[in-house]
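Architecture and fold: a report
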Amino acid sequence: MKLLMPSATGVEVVRAFVAMYRGKMIQSTSADVIDYPGVLYNVTGSTKDPKAVKGYKGLAWKALLKEYPDFYETSCYVTNPILSKRATSHPGFDVGGHMTPNPSGVVQRGADSYLMPLCKWHNSTRRNGTAFSHSKTKVLKLRGYMEGDSAITFAMRMGNNHAHTLLFLAPGSKKWDFIALSDAVKQGFDRVPLKAILTSPIQEYAIFEKRDDGFYIVSSNISEGGSKD
Ligand SMILES: [Zn+2]
């Protein structure tokens with residue numbers, strides 16, 4: 001089944017992320033497929049967590065899972081006998097569910113978290129605090145997850161050793177994308193100053209600088225409300 005593109009693909013989540021971490025260290029990230037047979041719980045986010053944004057929840061995290069062959073063809077992992085007649089979405093692979101072994105659903109800064117295929121019903125916040133058993137054990141272990149993180153800001157940092165990375169929202173688009181600044185230059189921006197690169201046609205942007213094992217936002221015109229500074 002092809003998922004419909006949601007009306008909001010995390011536009012506000014990324015704005016909030018940039019606002020939250022301006023001037024602060026943002027952890028590098030990595031992801032590895034591992035075996036994890038133990039029970040897992042939905043991550044309960046703050047209001048700034050991607051899960052709080054209607055239409056965005058999990059969609060892009062699913063795309064991250066789909067980059068690994070272990071998750072090409074699969075279905076909702078959960079095997080608990082807690083299905084009700086309302087669980088019509090089960091056993092679909094609707095979202096990449098953000099999971100933790102912590103029954104409270106809280107992921108401490110720097111702690112690992114896990115992604116696994118879930119249907120919408122099992123991913124619902126109403127299932128928070130429920131211990132999910134699963135017979136399939138391949139999950140994607142995430143390192144460097146931070147409060148307010150989104151799939152795009154997480155993926156942007158994964159294995160990224162470029163000095164500067166441009167995160168941008170194209171005009172008329174509800175989708176964030178990113179490119180190494182050095183690659184952007186190679187693609188035809190090499191004879192104009194940076195300021196010109198970042199005015200038109202690109203609208204909102206943030207530049208992330210890699211320092212040691214973390215990233216810092218060194219330039220951005222994004223404000224949390226979405227208007228330019
Ligand atoms: Zn399910």
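Summarised in this report is the structure supplied together with it. (Residues numbered from 1 in each chain as written. Predicted model: local features only at pLDDT ≥ 70, side-chain atom pairs only at ≥ 80, totals over all residues. Heavy atoms only, no water.)

**Comments concerning the sheet that holds strand S4 (residues 95-100)**
Applied cut-off: Note: two strands are recorded as paired if DSSP finds a minimum of 2 bridges between them. For helices the rule is a DSSP run of H or I covering at least 4 residues; for strands it is a run of E covering at least 2, with both sets numbered from the N terminus onward.
The strand order across the open sheet built from five strands is S2-S6-S5-S4-S3, with neighbouring strands paired in antiparallel fashion. Every other strand in the sheet has two partners, leaving strand S2 (30-35) and strand S3 (41-42) as the edge strands with one partner each. The pairing of strand S5 (residues 113-118) with strand S6 (residues 138-143) spans three bridges and is antiparallel. Bridge pairing in S6 places Tyr114 opposite Lys141.

**Remarks on the nonpolar core**
Put simply, the rule reads: Side-chain atoms within 4.5 Å link the members of a nonpolar core, which is a set of buried Ala, Val, Leu, Ile, Met, Phe, Trp, Tyr and Cys residues. Exposure categories follow from relative accessible area, calculated using a 1.4 Å probe and restricted to protein chains: below 20% of the type maximum is buried, above 50% is exposed, and the middle band is partly exposed. Residue contacts follow a heavy-atom distance rule, with two residues in contact if any of their heavy atoms lie within 4.5 Å.
The biggest cluster of nonpolar side chains holds 30 residues, and the ones touching the most others in it are Met116, Leu118, Leu140 and Leu142. When residues in this core are grouped by element, the largest group, four residues, is from S5. Those residues within four positions of Leu118 in sequence are excluded, and the remaining contacts are Asn42, Cys76, Val78, Gly92, Phe93, Asp94, Val95, Gly97, Met99, Asn123 and Phe132. Of all hydrophobic cores here, the second largest spans 18 residues; its members include Ile152, Trp176, Ala206 and Ile217.

**Comments concerning the sheet that holds strand S7 (residues 164-169)**
An order of S1-S10-S9-S7-S8 is seen for the five strands of this open sheet, with the pairing classed as antiparallel. Where the open sheet ends on each side, the last strands, each with one partner, are strand S1 (26-27) and strand S8 (176-180). Across five bridges, the pairing between S7 and S8 is antiparallel. When the bridges of S8 are listed, Leu169 appears paired with Trp176.

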